[in-house]
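This is what each chain is made of:
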Amino acid sequence: MSRTSAMRGVILYGPPAAGKDTVTRALADLDTEFSLFSRVKVGPGRSAGYRMGTPEQLEKLRTSGAVVYENLRYESTYVTDRPGLDTAFTAGVPVMHLGQVDGVRAVLNGYPAQWLTVLLWCPREVSEARSIGRGDADTSARLAAWDATRADLDANPDFQFDLTIHTDAVTPAAAAAQIRQTLTTPHDDGELVMVDFDDTLIDRLAAVTTWVTGYCAGHGLNPEVEQRMLDAMRIRADLDVIEGLCAELGLPESADELWARYEPELAMSVKPFPGVVDALAAVRESGRHVVVVTNGGGQIQRAKLKASGIGDLVDAVCISEEVGTRKPDYRIFEVAAASVGRDLAQGGWMIGDNASLDVVGGREAGLRTVWISHGRPWPDGAEPDHIATTAVEALALVRGGDR
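Quantities reported herein were computed from a predicted structural model and do not represent experimental measurements.

Okay, the side chain of Thr77 next. Here Thr77 is to be found in strand 6 (residues 76-81). The exposure class assigned to Thr77 is buried, which follows from its relative accessible area of 14%. For Thr77, the contacting residues outside a window of four places in its chain are Val40, Lys41, Val42, Leu58, Arg62, Glu70, Asn71 and Leu72.

This is the structure in structure tokens:
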């Protein structure tokens, strides 16, 4: 293995208070190989997380050609230095914090390694609230830096990060897991196959129907209540939906109690459609990358993925709550592609049962699409590339190499 391929590092770019420190700690908690790369700092302010230096030491780094990148911010000079990087890569996987696209470019070009570039983003008001909440004495300066970061991104529209994570919508642990998965997934030329989860790979509707029927029977609720619950929960069921049903129907449990039992009970009852397990295995064995792309809450979706066994059959999973955007927004497809080292420009497939979320969303992301009809006629609108009755049929079509 070459020196470059053996060396893996992470560059976290983002405005102040976007979560760079928090996500770095979560990465270290997830895997002890990850550790913060401490840049050299010359100037006033906090010293935690830096190697404090003197003007004389800085000049020595400059004259010896050891500076990979330096920038001035908050009246201090911050230096990414070659000797420091050498030491950091020897110890494990360095996680570098940068706030300038030019800095990211300089590191990518000036220090060869397998770098994963990650944009951590949050709105300005979130940065402000976080800065105030942690007691920063220079919140106004940090907001000015947020504005500068926004302007920096706008000035570099051609630069594409490997991964974008909205930290106001994703927990640090989920962000860390996504970064680690993306960094450790082999990058090759295998074709990308994105697949919806609910009612594509698993029979969610049957599981929800069984659960609602059992719940109503167990509490002596009438058929009208059962039908109303099923109507509300058949497409999407989350705490908001449950709260609405409890208020409307006067159900015998509180929304929190009902949700607490619904999540695990539903997860344990879902099953893959017949033949899906073997079909997924065959697609992966053909050299393709399979990513589940699903809207929903992270906890319940991962519980269903685990209980159904689907989570172990695919290369990656992209859940809307965890990445901060939902189908049909192209950004969720972008994140899903990056999770296996791919780019939407390289193309691929999107398979799913929802005409709007999966087919329209997939087409707008530049993917070929297969709609799972389950025997339904295609609704109005731009048609998918292919229509299949089941996921097994769709996966066989993709594996057949219709290019």
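Picking up where we left off.
Attention shifts here to a negative patch on the surface. On the surface, Asp240, Glu243, Asp256 and Glu257 cluster together into a negatively charged patch. Secondary-structure elements contributing two or more residues to the negative patch are helix 11 (239-249) and helix 12 (255-269). Secondary-structure assignment places Asp240 in helix 11. For Asp240, a relative accessible area of 57% puts it in the exposed group.

This next bit is on the sheet that holds strand 7 (residues 93-98). Taken in spatial order, the 5 strands line up as 2-7-1-8-9 in an open sheet, and their pairing is parallel. Because the sheet does not close on itself, it has two edges, and the strands there are strand 2 (34-36) and strand 9 (163-166). In this sheet, adjacent strand axes meet at a mean angle of 25 degrees when their direction is disregarded. Sheet topology note: the strand 1 (residues 8-13)/strand 7 ladder contains 4 bridges and is parallel. The residue bridging Ile11 from the neighbouring strand is Met96, located in strand 7. Set on the sheet, helix 4 (residues 82-91) makes contact with strand 1, strand 7 and strand 8 (114-121); between it and strand 7 the angle comes to about 135 degrees.

So, about the nonpolar core. Membership of the largest hydrophobic core comes to 47 residues, with the highest contact counts inside it found for Leu201, Met229, Met233, Tyr262, Ile310 and Ile351. Beyond its immediate chain neighbours, meaning those up to four positions away, Met229 contacts Trp211, Val212, Tyr215, Cys216, Leu245, Leu249 and Leu251.

Enumeration over the complete set of coordinates arrives at 10 aromatic pairs. With a centroid separation of 4.9 Å and an interplanar angle of 75 degrees, the aromatic rings of Phe159 and Phe161 are classed as edge-to-face. Each member of the pair, Phe159 as well as Phe161, is classed as buried. Judged by centre distance (4.9 Å) and plane angle (80 degrees), the ring pair of Trp371 and Trp378 falls under edge-to-face. Taking the relative accessible area as the measure of exposure, Trp378 reaches 18% and is therefore buried. One aromatic cluster is present, built from ring pairs that chain together Trp211, Tyr215, Trp259 and Tyr262.

Attention shifts here to the pattern of salt bridges. With the rule as written, the count across this model stands at 22 salt bridges. Of the charged contacts in the structure, one is a salt bridge between Arg142 and Asp136, with a shortest N-O distance of 3.5 Å. In this structure, Arg331 and Asp329 form a salt bridge, with 2.7 Å as the shortest nitrogen-oxygen distance. Classification of Asp329 by relative accessible area gives partly exposed; the value is 22%.

Considered for burial, the residues of helix 17 (residues 355-364) that qualify are Ala355, Asp358, Val359, Gly361 and Gly362. Of the surrounding secondary structure, the elements contacted by the buried residues of helix 17 are helix 16 (330-338), strand 13 (349-352) and strand 14 (368-372). The opening residue of helix 17 is Asn354, an N-cap whose side-chain oxygen sits 3.0 Å from the backbone nitrogen of Ser356. Two residues or fewer after helix 17 comes Gly366, characterised by a positive phi angle close to 85 degrees.

The rules behind these values
Residues numbered from 1 in each chain as written. Predicted model: local features only at pLDDT ≥ 70, side-chain atom pairs only at ≥ 80, totals over all residues. Heavy atoms only, no water. Helix = DSSP H or I, 4+ residues; strand = E, 2+ residues; numbered from the N terminus. Buried < 20%, exposed > 50% of the residue type's maximum accessible area, 1.4 Å probe, protein only. Contact = heavy atoms within 4.5 Å. Patch = residues over 30% accessible without salt bridge, like charges linked within 9 Å, V, L, I, M, F, W, Y side chains within 5 Å. Areas by Shrake-Rupley, 256 points an atom, 1.4 Å probe, with all protein chains shown as cover. Salt bridge = Lys/Arg side-chain N within 4 Å of Asp/Glu carboxyl O. Lys, Arg positive; Asp, Glu negative; His and termini not counted. Charge placed at Lys NZ, Arg CZ, Asp CG, Glu CD. Pairing = 2+ DSSP bridges. Axes fitted to C-alpha atoms, helices over the stretch in contact; angles between N-to-C directions. Core = buried A, V, L, I, M, F, W, Y, C linked by side-chain atoms within 4.5 Å. Phe/Tyr/Trp six-rings, centres within 6.5 Å; stacked < 30°, edge-to-face > 60°. Polar contact = N/O pair within 3.5 Å; in protein donor to acceptor, adjacent residues only side chain to side chain.

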